[in-house]
Amino acid sequence: MRKRFRRTREFIGRHPRAASLSAVAIVLAFLWATPASWQTSTLRLAVPIALAAIGGIFAEKSGVINIGIEGLLIVSAFSSIIAVYWLGDGGATMGVSNLWWGLLVGILVSVLFALIFAIVCIEFKADQIIAGLAIWLISLGLAPFASRIVFGSPNTASVARFGSVTVPGLSEIPIVGYLLFDTEPQVYLMLAGTVAGWYLLSRTTFGRWVVASGENPKALDTAGVDVRKVRYAAVLLSGVFAGLGGAGFALGTLGTFAGGGDTAINGRGFIAIATYLLANYHPVGAVLSSFLFAGLNSLQTALQSAGYAIPTELIRTIPHMSVIVVLVLVGRTRLPDAAGDHYESGED
């Protein structure tokens, strides 16, 4: 048994992409055979993980390790709910639904926290891991504290959620139709964000700058490109994507924000990090991998609803234990050479 495990791990180490794609393919095939409710639940639950993962890819590819993504999801989810509550639940401002204004507020707050993180790491050369943990811990305490001030409880009031958007004709396609063309706006945002992230990173000059900033910042600097500006832009992009994920999840799936314990985000930002490591920093692969963890999240919800005689605490560990298994098996994901390193123009 030990020898078989060693061989499996050696194969995954030599062929991480093939192994990752195989694992994702197995999960997708499994989901294909599951009930429609499970499929749609998996797609919705993948939104914060997938978008946060894409944002994390940009930051880390540029050389800045942003493990504060969990905190960005928390503040964007909370601020989007409170913005809709203050603007008027179910109403509109300047002809635009307050839900969309709430989404925008969530993104802006996430970008603001990402900017603070970038300044601390790039300008003041703080340890990126410690700074990321600080962003997470500040968000973990700030959101429920603000909720207690406004609502008298760590949990906010419930607000309206985004309704389904149906594309005539396309929604009638078997399986794919109700999954992709009869769903909530946050799912469309996830799909659009996937395409935009892939194109920006793989097909643009800025994407090449981001990669060079994380692999060889000296060469990028020699070419006349400001490494600091590239890293700032990449970290702020991580804030945009995380904001989309957190606010979209809150306004599309939850309709409220629970501030107790690990909050309503419940570790999805950390799972997003495992997701893009599994996908070896590929945006499309990260989104597909997010279905793995979202599917397991749906599984634990289904097990709880079915009333199996399994302790609730044990069931809730399923998605998180899967992260540990994935990280053990996919142990050779290559970090960018300059990830975590500070750089000043003109350094030798």
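Fair warning: this is a prediction, and the values are worked out from it, not measured in the lab.

A. Examining the packing of helix H5 (residues 98-123) against helix H6 (residues 128-151) more closely. At their nearest, the axes of H5 and H6 sit 10 Å apart, and the two run at 150° to each other. In terms of orientation, H5 lies roughly antiparallel with respect to H6. Between H5 and H6 lies a crossing of right-handed hand. Residues Phe113, Phe117, Val120 and Cys121 of H5 form the contact with H6, whose participating residues are Gln128, Ala131, Gly132, Ile135, Ile138, Ser139 and Leu142. Split by residue class, the contact of H5 with H6 holds eight nonpolar, three polar and no charged.

B. Spatial organisation of unusual backbone geometry. Of note, the phi angle at Met94 is positive, near 55°, even though the residue is not glycine. Following the sequence through the fold, Met94 ends up in the loop between strand E1 (92-93) and strand E2 (96-97). On the basis of relative accessible area, Met94 is assigned to the exposed category, the value being 71%. Positive phi outside glycine occurs at Lys125, with the angle close to 55°.

C. The nonpolar core, seen in detail. With 82 residues, the main nonpolar core has Phe58, Phe117, Met190, Val235, Leu251, Phe257 and Tyr276 as its most contacted residues. If we skip the residues at most four places from it in the chain, Val235 touches Ala59, Val64, Ala114, Phe117 and Ala118.

D. Representation of the side chain of Asn98 within the structure. Considering the arrangement of structural elements, one finds Asn98 in helix H5. Take Asn98: its relative accessible area is 1%, and that puts it in the buried class. Among the polar contacts listed, one links the side chain of Asn98 to the backbone oxygen of Leu87, at a separation of 3.4 Å. In this structure, Asn98 is in contact with Val84, Leu87, Gly88, Gly91, Ala92 and Thr93, ignoring residues within four places of it in sequence.

E. Expanded view of the environment of Gly224. Within the secondary structure, Gly224 is located in the loop between helix H10 (217-222) and helix H11 (227-254). Here Gly224 falls in the exposed class, since its relative accessible area comes to 65%.

F. Up close: H5. If you check H5, its first and last C-alpha atoms are 36 Å apart, about what 26 residues at 1.5 Å a residue would give, namely 38 Å. Positive backbone phi, approximately 55°, marks Lys125, located one or two places after H5.

G. Expanded view of the confidence of the model for the protein chain. Overall, the predicted model of the protein chain reaches an average pLDDT of 85, with 80% of residues at or above 70. The low-confidence segment residues 8-13 (pLDDT under 50) makes seven contacts with residues lying over four places distant or belonging to another chain.

H. Examining a nonpolar patch on the surface more closely. A cluster of nonpolar side chains, namely Leu112, Leu115, Ile116, Ile119, Val120 and Phe124, defines an oily patch on the protein surface of about 510 Å² accessible area. Looking at Ile119, the relative accessible area reads 32%, which means it is partly exposed.

I. Examining empty space enclosed by the protein more closely. Taken as a whole and judged by the stated rule, the model has two cavities of 30 Å³ or more. Each pocket or cavity is described by its volume, and for the largest cavity that value is around 90 Å³. What lines the largest cavity is simply Val64, Cys121, Ile122, Lys125, Gln128, Val227, Arg228, Arg231, Asp341, His342 and Tyr343. Looking at the lining of the largest cavity, the elements that each hand over two or more residues are H5 and H11. Sorting elements by how many residues they give to the lining of the largest cavity places H11 first, with three residues. The residue inventory of the lining of the largest cavity, partitioned by class, reads five nonpolar, two polar and four charged.

J. Structural view of the packing of H5 against H11. The N-to-C vectors of H5 and H11 enclose an angle of 145°; their axes lie 7 Å apart at closest approach. Here the hand of the crossing between H5 and H11 comes out right-handed. The class makeup of the residues in the contact of H5 with H11 is 18 nonpolar, six polar and three charged.

Criteria and cut-off values
- Residues numbered from 1 in each chain as written.
- Predicted model: local features only at pLDDT ≥ 70, side-chain atom pairs only at ≥ 80, totals over all residues.
- Heavy atoms only, no water.
- Axes fitted to C-alpha atoms, helices over the stretch in contact; angles between N-to-C directions.
- Helix = DSSP H or I, 4+ residues; strand = E, 2+ residues; numbered from the N terminus.
- Parallel < 35°, antiparallel > 145°, perpendicular 65-115°, else oblique.
- Left-handed = near helix turned anticlockwise from the far one by under 90°.
- Contact = heavy atoms within 4.5 Å.
- Nonpolar A, V, L, I, M, F, W, Y, C, P; charged D, E, K, R; others polar.
- Buried < 20%, exposed > 50% of the residue type's maximum accessible area, 1.4 Å probe, protein only.
- Core = buried A, V, L, I, M, F, W, Y, C linked by side-chain atoms within 4.5 Å.
- Polar contact = N/O pair within 3.5 Å; in protein donor to acceptor, adjacent residues only side chain to side chain.
- Expected span 1.5 Å × (residues − 1).
- pLDDT = per-residue confidence, 0-100.
- Patch = residues over 30% accessible without salt bridge, like charges linked within 9 Å, V, L, I, M, F, W, Y side chains within 5 Å.
- Areas by Shrake-Rupley, 256 points an atom, 1.4 Å probe, with all protein chains shown as cover.
- Salt bridge = Lys/Arg side-chain N within 4 Å of Asp/Glu carboxyl O.
- 1 Å grid on protein atoms, 1.4 Å probe; cavity = no way out; pocket = protein on both sides within 12 Å on 5 of 7 lines; lining within 4 Å.
- Points joined across faces, edges and corners; volume = space filled by probe spheres on them.

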